[in-house]
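Chain residues, written in single-letter form:
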Amino acid sequence: MIMRRTGCKVVFLLLIFLLAGLLAANICVGGVNIPLGEVLSFLQGKGENAVHKDIVFFIRFPRALAAAILGGALALSGYLLQTFFHNPIAGPFILGISSGAKLFVALTMVASLEMVRQPGAGWLIGAAFAGAMLSMAFVILMSGILGRMSMLIVSGVMIGYICSAVTDFVVAFADDADIVNLHNWSKGSFSGIGWEQVATMAIVVLTVSAGVFLLSKPIQAYQLGESYAQNLGLNVSWFRVGLVVFSSLLSACVTAFAGPVSFVGIAVPQLVKYLLGTTRPVLMIPACFLGGAVFCLFCDLLARMLLAPTELSISTVTAVFGAPVVLVIMVQRRRDA
């Protein structure tokens, strides 16, 4: 027991250290390298290089914070979905939930371009939430009809492809000069995010994450079986609704600001569970958030620097690291069956 507690402390310290280091790297490293000492001077209200100051405060800092916040949200959303379906490869991208949110956001953006109006963050999050909930409803319906979890995953992938195809059609035929930005968003990217958007996503994500953390004990009871949870006095029906709403809100917030980001919601919770050596929600929830933030900061740094000055979509990089984790999980489940 003491060894396990020590191991968990080490994991949390490692995640915090990596988070701080990657935040610094994402702010300092780029087309123009800015020394960490100069960045710290800017934060203290000092420093004389106006160009470097603008790069730090208006481009890299908000982007790095967005990657951390949205990465944490995506990992936590995946953890809730895996809890809901009792399946380690359930995630917002695999189940088509991100694609549904992406479709509704794209429709909202194109409609706003036709009206020569820029949609606010609230509209985008609302549209993404509606799309996520609709896709989630379809997946839950299919889970009741099919029964088999493998077919549930297939149905999620199919709805993801359908929503992505419709989104690409809408993006391709939209007639506006800003359509290039819409196309980049549809592929997944943390670029172009400003402080107002960071503030909005921080309020939504941190509020929902706090709500999820308060559900740690009910989640632990639910993981032990629905009958066990009912015997403890948990209203399983309403609890499942809460899991759906929270996971959809987190996934919607990510899609609204950064577009669809693949495999983070599946890979990070499994990696965190392996590192912690426990499934206790009181530890898994904060660790998943930190792990998602670290994972997305690392992938975003690679997306910017790997083929600079060309920038890769964030989903391209997350898929490279996340997809092998999914394959290992599937092989492990096959062996255990």
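Definitions and limits used
- Residues numbered from 1 in each chain as written.
- Predicted model: local features only at pLDDT ≥ 70, side-chain atom pairs only at ≥ 80, totals over all residues.
- Heavy atoms only, no water.
- Helix = DSSP H or I, 4+ residues; strand = E, 2+ residues; numbered from the N terminus.
- pLDDT = per-residue confidence, 0-100.
- Phe/Tyr/Trp six-rings, centres within 6.5 Å; stacked < 30°, edge-to-face > 60°.
- Buried < 20%, exposed > 50% of the residue type's maximum accessible area, 1.4 Å probe, protein only.

Caption draft 1: Focus on unusual backbone geometry. Residue His86 is not a glycine yet carries a positive backbone phi of 55°. Summarising the element assignment, His86 is placed in the loop between helix H3 (50-85) and helix H4 (97-114). Phi angles above zero are rare outside glycine, and Phe263 is one such case at about 70°. Summarising the element assignment, Phe263 is placed in the loop between helix H11 (236-258) and helix H12 (264-276).

Caption draft 2: Seen up close, the confidence of the model for the chain. Of all residues in the chain, 89% have pLDDT values of 70 or greater, and the mean over the chain is 85. Here helix H7 (residues 179-187) stands out as the least confident element of the chain, with mean pLDDT 65; helix H13 (residues 281-305) is the most confident, with 95.

Caption draft 3: Representation of the packing of aromatic side chains within the structure. The full count for this structure, using the stated rule, is five aromatic pairs. Between the aromatic rings of Phe93 and Phe263, the centroid separation amounts to 6.0 Å while the plane-to-plane angle is 40°, which identifies the pairing as tilted. Here Phe263 lies in the loop between H11 and H12 and Phe93 lies in the loop between H3 and H4, a separation of 170 residues in the sequence. Since its relative accessible area comes to 17%, Phe263 is described here as buried. Ring geometry for Phe298 against Phe321: centres 5.4 Å apart, planes inclined by 65°, an arrangement best described as edge-to-face. Taken as a pair, Phe298 in helix H13 and Phe321 in helix H14 (residues 314-336) lie far apart in primary sequence, 23 residues in all.

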